[in-house]
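Each chain, written out:
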Amino acid sequence: MLTVVIIFLWASLLLYLLLGGADFGAGIIEVFTSRANKTQTRKTLYRAIGPIWEANHMWLIIAIVILFVGFPAIYATMSVHLHIPLTIMLLGIIARGTAFSFRHYDAVVDDMQHLYNRIFGISSVITPLFLGIIAGSTVSRHIDPQARTFLDAYIFSWLHPFPIAVGLFTVAICGFLAAVYLVGETDTPSERQQFVDKVKGMNILAVVCGGLVFLAAYWEGIPLMDWVFGHPLGLLGVLAASASLVLLWYLLLHGKGTVLRLLAGFQVMMILFVATYRHFPNLVLLKGGGYLSLLEHRGQDKTIQALGLALLLGSVLILPALIYLIYSFQKKEPKQAPVY
Amino acid sequence: MDDFLAARSQMALSLGFHIVFSCIGMVMPFFMAVSHYLWLKTNAMVYQNVTKAWSKGVAIFFAVGAVSGTVLSFELGLLWPTFMKHAGPIFGMPFSLEGTAFFIEAIALGFYLYGWGRFNPWFHWVTGVVVGISGLTSGILVVAANAWMNSPAGFDFVNGQYLNVDPIQAMFNKAWFSQALHMSIAAFAATGFAVAGVHALMILKNKNVDFHRKAFKIAALFACLAAILQPLSGDHSAKDVAQRQPAKLAAMEAHFRTEKRAALVIGGIPDADAERVNYAIKIPGGLSFLAHGDFDAEVKGLDQIPKAFHPPVAITHYAFQIMVGLGMAMLLLSLLYLWALWKKKTDRSWLLKLFVVAIPLGFIAVEAGWTVTEVGRQPWIIYGIMRTADAVTPMPGIAYSFYLFTAVYLSLAGVVVFMLYRQIKMVDQLYDRPQGVKEYH
Ligand code: HDD
Ligand code: HEM
Ligand code: HEM
């Protein structure tokens, strides 16, 4: 059962990064779209993410619940030492979620829309930025349970170049995912061209930020090079990701939307894999060489058992419905005009 | 503000905020399903309009409910890490099942809101019902987790260690049923009266009367049924509390001294130092009867409980009085409405005006009820096992976080009210057009 639980944890993180990420990315892209094209972009965006919007964000909650039920010590340590970035991320989630629905359900369309749009855009950048910062801090050995001062315990647990670089990289990845996703949603060649350009832009941004991550790792003495290239599995992951990237660029202009999405999703999966497999089962690396491990710092067997069963039961119920939801809204226009 | 107080206030604020949205998220889908059903059966446009107008409101509430719930799942750890470290694996079962329920709710809502005209009408209707059922299920599950804090079960507490954890037993603790039942009914009463009141107001203003009358009737019927059941379930809860948390019961009733034939204290100002209640109405034997079903039964008072473990008496007592008082008021209004319905006099303006007055009552009662439950549990976070003060985060400066979240929640509440106002203002333009005119959007 422990394996089941860990797989679910990893999978829900991946799915949050992919689906929630594409969703953040949609907001990021909107920020980077010229004013003239904004309305059209927004329309495409909404059509694409509207129906599955709520579900995309459930993955984060699933991951959190797995963490606090199955691995309470890890959840507690992260909650204490990453309190500040977590709080900022939460504020981002609040702002974004509400702005998103307000702008679509406000019965009156007027100047308030600008406000909603502005908040939506800003929080679409902040949230993944801090998500990345949190992820980066967990592996960069800055969290120090023995810290004495406020700064050491609560600020320098995350405020370092490496976590910030990971944060920026996450933002770029989200933008990239959304752009790829939206290429498949476009109707006209000119619109498609527009999103293809966005894919390229975001991809370049991601590569630059990825470079920053390596630089920062080198600077802080984090053995990222070794994690990524030091093991055949890591190398394999990198190669697979690169190959699919080349294919993606090749197919961008004429390929099918679904294929593009799968390729982009595969790349992100490889990135997450490469980033996590080498220090598995350690989820958090602490200052001074300590760690919090999924194998050692877990709840009692009965808890893991029950959690695993609940997750299996849940996925039997959820997955078919979710797949049918996504499938249903892939078919473009409804037979009769929808209300919204 | 000291950090401990700030953490408690932030928790209370977040939960008090979330509960409003979650009640509406749990209950409105049922109202929608009824009016949707009536539309499918009668083909009367007005029911479709009611359904659509409501579903827009629900979408707004759902989004705010979802984000405030997400915040809560983090806040449990951000504010109470020590609690979560020990409690997480024990009371986590309902949370992990709840994840499933939320997920299904979110998926079904996607189908429902975006599915107009896309699916078989009855499939579409069923997705709406699924939204309601899964919402209600998730509400029941979280409340079961809360009930565990009141009535810990499913582990052995030996020398500060939590051994032999059994998450299933923890979920089915002694308090879960009475709390979940009472909470679910409360959600129907609170949402029902709020919705009915808004439509009553519009009828009084003579706007789109047909539309609002239909909407009013659906909401009012749900509300009245719930308000009639609520005192019964409340009585059950009180008996339950008397069994498992005598300190809470004593605080609710401001019952300082253990006695037989204990009086029911209504109103009054508790004086915790002098251990008595001033200016109260007392019904001899009333408390004994309510708590144990026997006018002569002995009811434990606060004197049986060490001072260090007394909950704040005044807050708990006032909150309890408010809840019960409002519960009685809603009960009366419900009986009045049913009588008017029977006499076919539901259009009387005094009755509608009473419903307008009742808009906030249910929600005030909900907040008061939770105050009873949560404040009455103090100083424990896990009753009898862990003290709240020992669970709080070591991080200093929580006061700032509290101010920040207060500002955020206040502005959110403001925007939601503003949106609803605009929603209602637009009803005639959106839904009162002659047939054949194009949709607004
Ligand atoms: C519409 C809202 C509403 C109304 C009219 C009432 N209640 Fe209530 N009450 C709640 C809403 C509520 C609540 C907010 O839903 C609580 C908080 C925790 C819970 O399970 O339900 C609650 C808790 C609660 C508790 C504490 C349960 C515990 O700590 O486990 C008791 C003893 C009562 N109620 C009793 C009553 C009585 C005797 C009522 C008589 C009219 C009553 N309530 C009306
Ligand atoms: C939604 C309705 C709820 C409301 C309005 C509410 C209200 C409150 C209030 C007023 C407090 C502060 C009590 C004090 O410190 O004096 C509190 C504390 C707390 N509540 Fe609730 N509560 C609700 C439901 C829940 C649920 C469902 C859970 C858990 C599953 C929960 C967990 C907690 C925790 C962990 C604390 C902090 C520790 C404590 O003060 O005991 N609450 N809540
Ligand atoms: C009595 C207390 C509570 C009740 C009755 C309740 C009920 C609900 C309901 C019905 C929803 C669905 C949202 C909607 O329809 O608007 C919801 C959302 C949510 N709640 Fe609560 N809740 C309570 C307390 C809590 C607590 C203590 C937590 C966290 C630990 C929590 C976490 C969540 C989460 C994560 C969501 C979002 C799920 C989504 O995206 O659909 N809730 N809650």
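All values derive from a computational prediction rather than experimental measurement. (Residues numbered from 1 in each chain as written. Chains lettered and ligands numbered in written order. Predicted model: local features only at pLDDT ≥ 70, side-chain atom pairs only at ≥ 80, totals over all residues. Heavy atoms only, no water.)

Lay out the overall build of chain B with the relevant residues and their values.
Across its full length, chain B holds 15 helices and 10 strands. In terms of overall size, chain B behaves like a compact globule, its C-alpha atoms giving a radius of gyration of 23 Å where 441 residues would be expected to give roughly 22 Å. With respect to the principal axes defined by its C-alpha atoms, chain B has extents near 75 × 45 × 40 Å. Within chain B, the fraction of its 441 residues that count as buried is 59%. Long-range pairs, those at least 24 residues apart, make up 76% of the contacts in chain B between residues at least 6 apart in sequence. Put simply, chain B shows about 17,600 Å² of open surface, and 66% of that area lies on carbon and sulfur atoms. (Helix = DSSP H or I, 4+ residues; strand = E, 2+ residues; numbered from the N terminus. Rg over C-alpha atoms; globule rule 2.2 N^0.38 Å. Buried < 20%, exposed > 50% of the residue type's maximum accessible area, 1.4 Å probe, protein only. Contact = heavy atoms within 4.5 Å. Areas by Shrake-Rupley, 256 points an atom, 1.4 Å probe, with all protein chains shown as cover.)

I'd like a rundown of the overall build of chain A, residues and numbers included.
Along the backbone of chain A there are 14 helices and 2 strands. Overall, the C-alpha framework of chain A stretches about 60 × 40 × 40 Å when taken along its three principal axes. Sorting the 340 residues of chain A into buried and exposed places 59% on the buried side. Residue pairs in contact within chain A that sit at least 24 positions apart in sequence constitute 78% of those at least 6 positions apart. Accessible surface, chain A as shown: approximately 14,300 Å² in total, 71% of it carbon and sulfur. Computed over 22 positive and 17 negative side-chain charges, the inter-centroid distance for chain A is 5 Å. (Lys, Arg positive; Asp, Glu negative; His and termini not counted. Charge placed at Lys NZ, Arg CZ, Asp CG, Glu CD.)

So, the site of ligand 2: which residues are in play, and what are the values?
Residue and element names in this part refer to chain B. For ligand 2, the set of nearby residues contains 22 residues, the closest of which are R8, L15, E374, R377 and Q378. Within the contact set of ligand 2, an oxygen atom lies 2.5 Å away from a side-chain nitrogen or oxygen of R8. A distance of 2.8 Å separates an oxygen atom of ligand 2 from a polar atom in the side chain of R377. When residues of the shell around ligand 2 are traced back to their parent elements, those giving at least two are α1 (3-42), α3 (81-114), α4 (121-150), α12 (361-375) and β9 (380-382). Counting residues per element, the shell around ligand 2 draws most heavily on α1, at 6 residues. A breakdown of the residues in the shell around ligand 2 according to their chemical character gives 14 nonpolar, 4 polar and 4 charged. (Near = heavy atom within 4 Å. Polar contact = N/O pair within 3.5 Å; in protein donor to acceptor, adjacent residues only side chain to side chain. Nonpolar A, V, L, I, M, F, W, Y, C, P; charged D, E, K, R; others polar.)

Give me the lowdown on the coordination of the iron atom of ligand 1, citing residues and values where you can.
All names here are of chain B. All of the protein donors around the iron atom of ligand 1 are H182 (NE2) and M323 (SD); their distances to the metal are 2.1 to 2.3 Å. Its 6 donor atoms give the iron atom of ligand 1 angles of 82 to 179° at the centre, a pattern that matches the octahedral case. Taken together, the residues H182 in helix α6 (residues 176-204) and M323 in helix α10 (residues 313-342) connect sequence positions 141 residues apart. In this structure M323 comes out as buried when scored by relative accessible area, which is 18%. (Donors = N, O, S within 2.8 Å, 3.2 Å for Na, K, Ca; no water. Tetrahedral: all angles 85-135°; square planar, octahedral: opposite > 155°, others 65-115°.)

So what's going on with the coordination of the iron atom of ligand 3? Which residues, and what values?
From the protein, the iron atom of ligand 3 takes a single donor atom, B:H18 (NE2), 2.1 Å away. By the element assignment, B:H18 lies in helix α1.

Before we move on, could you go through the site of ligand 1 and cite the residues and values that matter?
All names here are of chain B. Among the 25 residues in the neighbourhood of ligand 1, the closest are listed as H182, R244, K248, M323 and V366. Within the side chain of Q230, a nitrogen or oxygen atom sits 3.4 Å from a nitrogen atom of ligand 1. Here an oxygen atom of ligand 1 sits 2.9 Å away from a polar atom, N or O, in the side chain of R244. When contributions to the shell around ligand 1 are tallied by element, the ones reaching two or more residues are α6, α7 (209-244), α8 (246-252), α10 and α12. Counted by class, the shell around ligand 1 contains 13 nonpolar, 9 polar and 3 charged residues.

I'd like a rundown of the interface of chain B and chain A, residues and numbers included.
With 69 residues of chain B at the interface, the matching set in chain A holds 69 residues. Note on chain B versus chain A: buried area summed over both sides is about 6,500 Å², and carbon and sulfur give 76% of it. Across the chain B-chain A interface, the total number found is 0 salt bridges. Summed over the shared surface of chain B and chain A, the number is 3 residue pairs in polar contact (both at pLDDT 80 or more). Contributions of two or more residues to the side of chain B that touches chain A are made by α2 (45-79), α3, β2 (161-163) and α14 (398-425) of chain B. The dominant element in the side of chain B that touches chain A, judged by the number of residues it contributes, is α3(B), at 21 residues. Taken together, the residues of the side of chain B that touches chain A break down into 46 nonpolar, 16 polar and 7 charged. (Buried area = accessible area lost by both parts, 1.4 Å probe. Salt bridge = Lys/Arg side-chain N within 4 Å of Asp/Glu carboxyl O.)

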